[in-house]
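Residue-level listing of the chains:
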Amino acid sequence: MPSFLPTFTSEYPPPILDIEASGFGLGSYPIEVGIVMPDGRSWCSLVKPEPEWQHWDPNAAAVHHITRDSLDKHGRPAREVAIALNDWLEGMVVYSDAWAHDYTWLSRLFDAADMTPHFKLDNLRALLSETEAANWHELKRQVALGMILQRHRASSDARLLQSTLKALKQQPAAVA
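These remarks concern the structure in this document. This is a predicted model, so every value here is computed, not measured. (Residues numbered from 1 in each chain as written. Predicted model: local features only at pLDDT ≥ 70, side-chain atom pairs only at ≥ 80, totals over all residues. Heavy atoms only, no water.)

To continue, consider the overall build of the protein chain. Counting secondary structure elements, the protein chain contains six helices and five strands. Classification of the 176 residues of the protein chain by burial places 44% in the buried group. Taking all contacts inside the protein chain whose residues are at least 6 apart in sequence as the whole, residues at least 24 apart take part in 72%. Working note: accessible area of the protein chain is about 9,300 Å², and carbon and sulfur atoms make up 55% of it. (Helix = DSSP H or I, 4+ residues; strand = E, 2+ residues; numbered from the N terminus. Buried < 20%, exposed > 50% of the residue type's maximum accessible area, 1.4 Å probe, protein only. Contact = heavy atoms within 4.5 Å. Areas by Shrake-Rupley, 256 points an atom, 1.4 Å probe, with all protein chains shown as cover.)

Right, here's the structure in full:
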């Protein structure tokens, strides 16, 4: 079992993972996984749905603009995506802003691949003080305005989260 080491300093942000899904709730599954590494490299993949993965929420599709047909044509099998994630994130702590959802979807992906993650998924909130958490959403909005994000997709979302965290940690500490 690898030991999981946090990888964050103000100059060296942690890896961030984001997952787009077929919807929310029972039966939902990952359709795209994206990561951004501490050095800024990124990786993203569509996930080909398993035969038993049938849930599809048109409201979620309206946000991420990924079609079921596109997943069938261009998605990678769950095992291939799980292997890639383990290769990229081996031994690391990777953070997500929607930990409860992403943990469930990541578990569904690795279960379908009959594998276990070689990294730890943690809640991005664990890196924030109360003051930073209170400022998060407004700063994220400001950072997003300064970025040219082509789409609401997993790697773009992960990059926005990492950029927001970097901006937050570079702000001078508030004086009490």
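The rest of the description comes next.
According to the stated counting rule, one finds four aromatic pairs in the structure shown. On the numbers, 5.8 Å between centres and 45 degrees between planes, the contact of Phe24 with Trp105 is tilted. In this pair, Phe24 is assigned in the loop between β1 (16-21) and β2 (30-36) and Trp105 in helix α4 (residues 99-113), connecting sequence segments 81 residues apart. Classification of Phe24 as exposed rests on a relative accessible area of 55%. (Phe/Tyr/Trp six-rings, centres within 6.5 Å; stacked < 30°, edge-to-face > 60°.)

This next bit is on the nonpolar core. Ranked by size, the top nonpolar core spans 30 residues in total, and within it Leu17, Leu85, Leu89, Leu106, Leu109 and Phe110 carry the most contacts. Among the elements of the structure, β1, β2, β3 (42-46), α3 (78-89) and α4 are those that each provide at least two residues to this core. Ranked by residue count, the leading element in this core is α3, at six residues. Ignoring anything within four residues of it in the chain, the contact list for Leu17 reads Val33, Gly34, Ile35, Leu85, Leu89, Val94, Tyr95, Ser96, Asp102, Leu106 and Leu121. Tyr95, Trp136, Val143 and Met147 belong to the second-largest nonpolar core, a separate cluster that totals 16 residues. (Core = buried A, V, L, I, M, F, W, Y, C linked by side-chain atoms within 4.5 Å.)

Looking now at the environment of Ser28. Here Ser28 lies in the loop between β1 and β2. C-alpha separation for the pair Ser28 and His101, spaced 73 residues apart in sequence, amounts to 9.7 Å. Sequence-distant contacts of Ser28, that is, excluding residues within four places in its chain, are made with Ser22, Gly23, His55, Trp105 and Arg108. A polar contact is formed between the side chain of Ser28 and the side chain of Trp105, at a distance of 2.9 Å. (Polar contact = N/O pair within 3.5 Å; in protein donor to acceptor, adjacent residues only side chain to side chain.)

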